[in-house]
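Coordinate analysis (summary)
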Amino acid sequence: MLQVGVVGCGVAGQAVATLLADAGHRVTVFERFTEALPSGAGLLLQPTGLAVLRALGLAGEAERLGARIDGLLGLNHRGHVVLDLAYADLHPAAYGLGIHRGALFGLLHGRLQRSAAGLVTDAEIVDVVRDGGRATVVDKAGRRHGPFDLVVVADGAHSRLRERLMPRARAPLYPWGCIWATVPDHRGFATAPGMLQQRLHGTATMMGLLPVGQDQVTLFWSLPAAELESGGSLDIEAWRIEAMALWPEAVALIEYAAHAASFARATYRHVALPRWNEGPILFIGDAAHGTSPQLGQGANLGLLDAQALSRALATNADLATALAQFARRRGPSVRFYRQASHLLTPFFQSHLAPLGVMRDVLMGPACRAPGLRGMMTTTLAGLRRGWLSVDALDADGRYPLDS
Ligand SMILES: Cc1cc2nc3c(=O)[nH]c(=O)nc-3n(C[C@H](O)[C@H](O)[C@H](O)COP(=O)(O)OP(=O)(O)OC[C@H]3O[C@@H](n4cnc5c(N)ncnc54)[C@H](O)[C@@H]3O)c2cc1C
């Protein structure tokens, strides 16, 4: 059994710590915040992420708290279909799940606390020092924890440890991000259709509505990262007018968000590591492969990382062999989603207006063309292993974790 340190008590960190503690490893999680807390917008869980929650015994509760999502519908400002995809194409029982990040966090955190893993809060890890084959984590106060046989770094897209420990990693800030707010939807405007909906005007204007359960909807609005990073205040009245012009039917949600003025900001990084690990220090989740959220995969990929690591350690006595197996298992899919995200995000968020025209002309018909529709739906559902390789759902419409 291994001594394992996990940096970051987010989606990937909590899932991996719980799975490894359940398998009998001695696990300690380090989180910079005094109290481990969720931050961020609602999430769309794919059949892949739901399968990992099922393995953790959390899928039933997640489904109770979240909202079933049957597909994705994106229209442009003229009302023309840009994206129209349905999980049912893959299997009649397939679906995604919109869930408030707080709800997902609560489930994972409760499960972590019921496991044998330890949690050290108020511990911002600033370094991981290799010590022979083992590694010791160092927090901001200079305290040293360990040594551990394995340190799993899951400190998110803006990881400082990645900069320090993998200087050859690339993690540029994407020039666009978003603001978001979660608002009540008592009239069922967005929740009733059970879809992730988007409205687009060119590549500079995009609004999304994701039902997240309990009559709540997360509203996303695209903005250049420069505006988000400046720290200046947002002109909510100007936003309200623009949003109403783009999506007048969503008036109640827009008005509520404008008056509550409780927008949070998010920026993204496109992360690429030269390899997953440096000896006993392994990167997972957004720290290893953050992308823009356009494809709705980040949390799902992090959950799959956690499950794949737990499986690799269960089937290999030697750590180096287990980490090599983990990298082989996760590499192709993560590479595909990184590439697809790089390729597609500028069609939705960029200053490249011609891409918006191409998108509006080509993507609607592509969603109806049999081969391309299958490619797009399997991409949405998290099933791609590559441009030519794809996993299938099982007979019950669920993602088989051992595929
Ligand atoms: C607007 C938006 C919408 C999104 N929508 C979706 C979606 O629909 N579907 C989807 O699957 N994904 C979505 N994502 C992506 C998803 O949020 C991330 O992929 C996911 O949260 C990554 O999980 P993680 O555990 O790797 O990192 P995080 O969840 O970011 O967790 C990192 C943790 O590490 C802690 N930490 C950081 N540094 C340190 C340190 N030095 N020491 C100790 N602790 C530290 C942080 O406090 C945090 O608790 C979206 C992201 C954004 C921004």
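Please refer to the structure placed before this passage.
Worth saying up front: this structure is predicted, and the values here are computed from it rather than measured.

Our next topic: unusual backbone geometry. With an omega of 5°, the peptide bond running from Gly 146 to Pro 147 counts as cis. The topology assignment puts Pro 147 in strand E11 (residues 144-148). Despite not being glycine, Asp 122 has its phi angle at roughly 55°, a positive value. Within the secondary structure layout, Asp 122 lies in the loop between strand E8 (118-120) and strand E9 (125-131). Phi angles above zero are rare outside glycine, and Asp 215 is one such case at about 60°.

Looking now at the environment of Leu 319. With respect to the secondary-structure elements, Leu 319 resides in helix H11 (residues 319-344). The sequence separation of Leu 319 and Gln 297 amounts to 22 residues, and the corresponding C-alpha distance is 28 Å. Look past the residues within four positions of Leu 319 in its chain and what remains in contact with it is Leu 2, Asp 149, Leu 150 and Leu 313.

Between its first and last C-alpha, helix H10 (residues 298-315) extends 26 Å over 18 residues, near the 26 Å set by a 1.5 Å rise per residue. Most of H10 is tucked away, with 14 of its 18 residues classed as buried.

The next point concerns the layout of surface pockets. As a volume, the second largest pocket reaches approximately 180 Å³. Every residue lining the second largest pocket is listed: Ile 179, Trp 221, Leu 223, Glu 227, Gly 232, Ser 233, Leu 234, Asp 235, Ile 236, Ala 238, Trp 239 and Glu 242. Listed by contribution, the elements that provide at least two residues to the lining of the second largest pocket are strand E16 (216-224) and helix H7 (236-246). Residue classes in the lining of the second largest pocket are distributed as seven nonpolar, two polar and three charged.

The next point concerns the site of the ligand. Glu 31, Leu 44, Arg 101, Asp 286 and Ala 299 are the nearest of the 30 residues found near the ligand. Between Glu 31 and the ligand, the recorded distance is 2.6 Å, taken from a side-chain N or O atom to an oxygen atom. A distance of 2.8 Å separates an oxygen atom of the ligand from a polar atom in the side chain of Arg 101. Elements with a contribution of two residues or more to the shell around the ligand: helix H1 (11-22), strand E3 (43-45) and H10. The biggest single contributor to the shell around the ligand is H10, with three residues.

Taken as a whole, this structure holds eight aromatic pairs when the rule is applied. Plain terms: the ring middles of Phe 30 and Phe 148 are 6.0 Å apart, the flat faces sit at 70° to each other, and that makes the pair edge-to-face. Placement of the pair is Phe 30 in strand E2 (residues 26-30) and Phe 148 in strand E11, with a sequence separation of 118 residues. Just as Phe 30 is buried, Phe 148 falls in that class too. On the basis of an interplanar angle of 70° and a centroid distance of 4.9 Å, the ring pair of Trp 239 and Phe 263 is categorised as edge-to-face. Pair noted here: Trp 239 is in helix H7 and Phe 263 is in the loop between helix H8 (251-260) and strand E17 (264-269), with a separation of 24 residues, a long-range link. Note on accessibility: Trp 239 and Phe 263 belong to one class, buried. By the ring-pair criterion, three or more aromatic residues cluster together here, those being Trp 221, Trp 239 and Phe 263. In this structure, Arg 359 is placed above the aromatic ring of Phe 348, and the distance from its NZ or CZ to the ring centre is 5.6 Å. Seen from the ring of Phe 336, Arg 384 lies directly overhead, with NZ or CZ sitting 5.9 Å from the centre.

Read across the open sheet, the three strands follow the order E9-E10-E11; overall the sheet is antiparallel. Single-partner strands in this sheet number two, and they are E9 and E11. If you compare each strand with its neighbour and ignore which way they point, the axes differ by 20° on average. With three bridges joining them, strand E10 (residues 134-139) and E11 adopt antiparallel strand pairing. Residue pairing across strands places Val 137 opposite His 145, the latter belonging to E11.

Throughout the structure, instances matching the rule amount to three cavities of 30 Å³ or more. In this structure, the largest cavity is lined by Leu 304, Gln 307, Ala 308, Arg 311, Arg 329, Arg 330, Tyr 399 and Leu 401. For the lining of the largest cavity, the elements supplying multiple residues, two or more each, are H10 and H11. In terms of residue count, H10 provides more of the lining of the largest cavity than any other element does, four residues in total.

Moving on, we get to the environment of Trp 221. Locating Trp 221 in the fold gives a position in strand E16. With a relative accessible area of 3%, Trp 221 lands in the buried category. A sequence separation of 23 residues divides Trp 221 from Gln 198, and the C-alpha atoms of the two residues are 9.8 Å apart. Apart from residues no more than four positions distant in its own chain, Trp 221 is found in contact with Gly 177, Cys 178, Ile 179, Thr 205, Met 206, Met 207, Trp 239, Glu 242, Ala 243 and Leu 246.

Procedures and definitions
Residues numbered from 1 in each chain as written. Predicted model: local features only at pLDDT ≥ 70, side-chain atom pairs only at ≥ 80, totals over all residues. Heavy atoms only, no water. Helix = DSSP H or I, 4+ residues; strand = E, 2+ residues; numbered from the N terminus. Contact = heavy atoms within 4.5 Å. Expected span 1.5 Å × (residues − 1). Buried < 20%, exposed > 50% of the residue type's maximum accessible area, 1.4 Å probe, protein only. 1 Å grid on protein atoms, 1.4 Å probe; cavity = no way out; pocket = protein on both sides within 12 Å on 5 of 7 lines; lining within 4 Å. Points joined across faces, edges and corners; volume = space filled by probe spheres on them. Nonpolar A, V, L, I, M, F, W, Y, C, P; charged D, E, K, R; others polar. Near = heavy atom within 4 Å. Polar contact = N/O pair within 3.5 Å; in protein donor to acceptor, adjacent residues only side chain to side chain. Phe/Tyr/Trp six-rings, centres within 6.5 Å; stacked < 30°, edge-to-face > 60°. Lys NZ or Arg CZ within 6 Å of the ring centre and 35° of its normal. Pairing = 2+ DSSP bridges. Axes fitted to C-alpha atoms, helices over the stretch in contact; angles between N-to-C directions.

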